[in-house]
Amino acid sequence: SAVISQKPSRDICQRGTSLTIQCQVDSQVTMMFWYRQQPGQSLTLIATANQGSEATYESGFVIDKFPISRPNLTFSTLTVSNMSPEDSSIYLCSVAGTGTTYEQYFGPGTRLTVT
Amino acid sequence: GQNIDQPTEMTATEGAIVQINCTYQTSGFNGLFWYQQHAGEAPTFLSYNVLDGLEEKGRFSSFLSRSKGYSYLLLKELQMKDSASYLCHLNNDMRFGAGTRLTVKP
């Protein structure tokens, strides 16, 4: 298994500003992902964070709004840019297991409120 | 999300057994996973099936039949803390479905 930490755990931000969320893993992992989850809703995949290359975004998510960095195999950041109240959500990073089954382990999440 | 069908909500009584079914319409996956997610918390990995059959892990068991496109999660001796959402997930796609919200009542 992997131990994942996220910073910040929560934040309240003003409309139009940006927030960068950090995700740190205690071991090297190939695959890292960013999700968001609004209260009572299912997880929505934002993007796959690729080490050494641009992130792969899901439909409906673009790099200008959600730039992602992945400088090495243990760390990634997600920036939520030019925020609006609709961006209020929990943002989670996850990693896929190092075995052949690729079970996922999730960070504790970042609770973002945009006012 | 993934092409997976699970009941949206289930209710069961403390101490009872509950079976959460999952059917899917895809192939070529390596493993089928079950995750548990308590309200306000991140999902946690519960179990996986690679081969057909039953995998038992304490009070939790998971079953897979690839030929039938079917899996279930069995929870025995239900406890109040088992109230959570349970997500059935295939590892050929990192998207998730809505899962099943289980409520355990006294």
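Keep in mind that what you see is a predicted model, and the values were worked out from it rather than measured.

**Re the sheet that holds strand E7 (residues 68-72) of chain A**
All names here are of chain A. One open sheet holds the four strands; their spatial order is E1-E3-E8-E7, and the pairing between them is antiparallel. At either end of the open sheet lies a strand with only one pairing partner, and these are strand E1 (4-7) and E7. Neighbour-to-neighbour, the strand axes of the sheet open up by a mean angle of 15°, direction not taken into account. As judged from the three bridges shared by E7 and strand E8 (residues 75-80), these two strands associate in the antiparallel manner. Looking across to E8, one finds that Ile68 is bridged to Leu78.

**Brief notes about the packing of aromatic side chains**
According to the stated counting rule, one finds 15 aromatic pairs over all chains in the structure shown. Geometrically, the ring pair formed by Phe33 of chain B and Tyr48 of chain B is tilted, given 5.9 Å between the ring centres and 45° between the ring planes. Placement of the pair is Phe33 of chain B in strand E4 (residues 32-37) and Tyr48 of chain B in strand E5 (residues 44-49), with a sequence separation of 15 residues. Look at Phe33 of chain B and you get buried, because its relative accessible area is 0%. Judged by relative accessible area, Tyr48 of chain B falls into the partly exposed class, the value being 35%. Consider the rings of Phe45 of chain B and Tyr48 of chain B, whose centres lie 6.1 Å apart with planes at 20°: the pair is stacked. Grouped by ring-pair contacts, the aromatic residues Tyr35, Tyr105 and Phe106 of chain A together with Phe33, Tyr35, Phe45, Tyr48 and Phe96 of chain B constitute a single cluster.

**Quick notes on the interface of chain B and chain A**
Interfaces are frequently sized by the accessible area removed from exposure as the parts join. The partner chain A presents 20 residues to the 19 residues of chain B that form the contact. Roughly 1,500 Å² of surface becomes buried between chain B and chain A when both sides are summed, with 62% attributable to carbon and sulfur atoms. By the criterion of area lost to chain A, the three top residues of chain B are Pro43, Met94 and Phe96 of chain B, representing 35% of everything that side buries. Across the chain B-chain A interface, the total number found is zero salt bridges. When contributions to the side of chain B that touches chain A are tallied by element, the ones reaching two or more residues are E4, E5 and strand E9 (84-90) of chain B. The dominant element in the side of chain B that touches chain A, judged by the number of residues it contributes, is E4 of chain B, at three residues.

Criteria and thresholds
- For every chain, the first residue of its written sequence is number 1, and the numbers climb from 1 along that sequence.
- Labels are handed out in written order, letters beginning with A for the chains and numbers beginning with 1 for the ligands.
- Only residues with pLDDT of at least 70 are given local features in this predicted model, and only at 80 or more are side-chain atom pairs given and counted; all residues enter the totals for whole chains, interfaces and linings.
- Excluding hydrogens and water, the side-chain values take into account all heavy atoms of the structure.
- When DSSP finds two or more bridges between two strands, those strands count as paired.
- To qualify as a helix, a DSSP run of H or I must reach at least 4 residues; to qualify as a strand, a run of E must reach at least 2; elements of each kind are numbered from the N terminus.
- Axis lines are fitted to C-alpha atoms, over the contacting stretch for helices. Their N-to-C directions set the angle, which ranges from 0 to 180 degrees.
- Stacked, tilted and edge-to-face are the three classes assigned to paired rings of Phe, Tyr and Trp, where Trp is represented by its six-membered ring and a pair needs centres within 6.5 Å; plane angles under 30 degrees give stacked, over 60 edge-to-face, the rest tilted.
- Only protein chains enter the accessibility calculation, which uses a 1.4 Å probe; a residue whose area is less than 20% of its type maximum is buried, one above 50% is exposed, and one in between is partly exposed.
- Contacts are residue-level and defined by heavy atoms, with any inter-residue pair within 4.5 Å sufficient.
- When two parts are put together, the accessible area they lose, computed with a 1.4 Å probe and summed over both, is reported as buried area.
- Here, a salt bridge means any Lys or Arg side-chain nitrogen found within 4 Å of an Asp or Glu carboxyl oxygen.

These figures capture arrangement, not role.
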